[in-house]
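Residue-level listing of the chains:
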Amino acid sequence: MNIKLSRSAMLRGGLVLLLVGSITGCSTTTPPPPAEENVSFAYEEGVAGGVFVGTVEMKVKIVAVDTAKRKLTLMDANGDEFTTKVGPGVVNFDQVQANDMIDIIVTEELVISVSAEGTAVEEGSAGLVALAPKGAKPGGLIVGTIVVTAKVVAIDETNRTATLEFKDGTSKIIPVRKDLDLSQHKTGEQVVFQITEMIAISVEKTEESNK
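Cut-offs and rules
Residues numbered from 1 in each chain as written. Predicted model: local features only at pLDDT ≥ 70, side-chain atom pairs only at ≥ 80, totals over all residues. Heavy atoms only, no water. Helix = DSSP H or I, 4+ residues; strand = E, 2+ residues; numbered from the N terminus. Buried < 20%, exposed > 50% of the residue type's maximum accessible area, 1.4 Å probe, protein only. Areas by Shrake-Rupley, 256 points an atom, 1.4 Å probe, with all protein chains shown as cover. Salt bridge = Lys/Arg side-chain N within 4 Å of Asp/Glu carboxyl O. Contact = heavy atoms within 4.5 Å. Pairing = 2+ DSSP bridges. Core = buried A, V, L, I, M, F, W, Y, C linked by side-chain atoms within 4.5 Å. Polar contact = N/O pair within 3.5 Å; in protein donor to acceptor, adjacent residues only side chain to side chain.

Peer 1: Mind showing me how you'd approach the overall build of the chain here?
Peer 2: Helix and strand content of the chain: one helix and eleven strands. From first element to last, N terminus to C terminus, the chain shows the α and β order α-β-β-β-β-β-β-β-β-β-β-β. Looking at the chain residue by residue over its 211 residues, the buried ones come to 36%. A total accessible area of about 12000 Å² is found for the chain, and carbon and sulfur atoms account for 54% of it.

Structure representation (structure tokens):
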């Protein structure tokens, strides 16, 4: 199982505080730098499960500000522009200027663990949205966590795969790491997936902002 953070998905998620509209065209304004992505996986040898962490950092440039209509025109690293309406919850909209950069950092953490059949695990989701207070630098933080479980319904020691069945009835065959002793595992075991996503948004002034 891999974490894959697409830039387009990250942009849609990261701008949940600023409702993205449609592409409007291109500009002669210099685009922001490309996104930076990093993925890592940590585990204890011989122990099922592990932790995936994926991070994407992306900058979006503000091309124009319509204060009356609370709208922004944004540009991504490809030079594409987006019409954006800013919700009333963003109380520091008056501080935003053309050529400011919106810095979006998306971090996804996936923790996988295996427990015995019948172990009680509470599935569900929880979230938090925090916006910068009035007078502070514009920005915000969004955090969401979801817990999902699946049952091991088949183990193929020859091909080193396990078949997982989720509560909605779907199933998935996943590869098993070479350091795991499959003879020590059995069907009926429970695999727990805890996924946490954090999106941090901030506005940065540039040398062009006040020109």
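Peer 1: Even after reading the chapter, I still don't get the pattern of salt bridges, so can you show me in this structure?
Peer 2: What the rule picks out here adds up to five salt bridges. For Glu204, the salt bridge identified is with Lys59, shortest N-O distance 3.2 Å. Here Glu204, found in strand 11 (residues 190-204), pairs with Lys59, found in strand 3 (residues 50-66); they are 145 residues apart in sequence, far enough to count as distant. Put simply, Asp100 and Lys205 hold a salt bridge, and the shortest N to O gap is 2.9 Å. Here Asp100 is found in the loop between strand 5 (80-86) and strand 6 (101-115), whereas its partner Lys205 is found in the segment after strand 11, with 105 residues between them in sequence. Taking the relative accessible area as the measure of exposure, Asp100 reaches 0% and is therefore buried. With relative accessibility at 48%, the residue Lys205 sits in the partly exposed group. Overlapping salt bridges, with partners in common, bring together Lys59, Asp103 and Glu204 in one network.

Peer 1: I tried to follow the environment of Gly127 on my own but got confused; where do I start?
Peer 2: Along the chain, Gly127 turns up in strand 7 (residues 124-131). A relative accessible area of 66% means that Gly127 is categorised as exposed. For the pair Gly127 and Val143, spaced 16 residues apart in sequence, the C-alpha to C-alpha distance is 5.5 Å. In contact with Gly127, not counting residues within four places along its chain, are Val143 and Gly144.

Peer 1: What am I meant to see in the pairing of strand 10 (residues 171-175) here?
Peer 2: Both faces of the sheet carry side chains from a regular strand, because those side chains alternate between them. Across five bridges, strand 9 (residues 161-166) lies against strand 10 in antiparallel orientation. Of the residues in strand 10, the one forming a bridge with Leu164 is Lys172.

Peer 1: I tried to follow the nonpolar core on my own but got confused; where do I start?
Peer 2: Soluble globular proteins tend to pack their nonpolar side chains together in the buried interior. In terms of nonpolar packing, the biggest core is built from 18 residues, with Val60, Ile62, Leu72, Leu74, Ile102, Ile104 and Ile199 touching the most fellow members. Taken together, the elements giving at least two residues each to this core come down to strand 3, strand 4 (71-75), strand 6 and strand 11. Ranked by the residues each element gives to this core, the list is headed by strand 3, at four residues. Core analysis: the next-biggest nonpolar cluster, separate from the first, contains 15 residues, Ala48, Phe52, Leu110 and Val191 among them.

Peer 1: Got a minute to help me understand the side chain of Gln190 in this structure?
Peer 2: Along the chain, Gln190 turns up in strand 11. Among the polar contacts listed, one links the side chain of Gln190 to the backbone oxygen of Thr119, at a separation of 3.0 Å. Excluding residues within four positions of it along the chain, Gln190 makes contact with Ser113, Val114, Ser115, Ala116, Thr119, Val121, Thr149 and Ala150.

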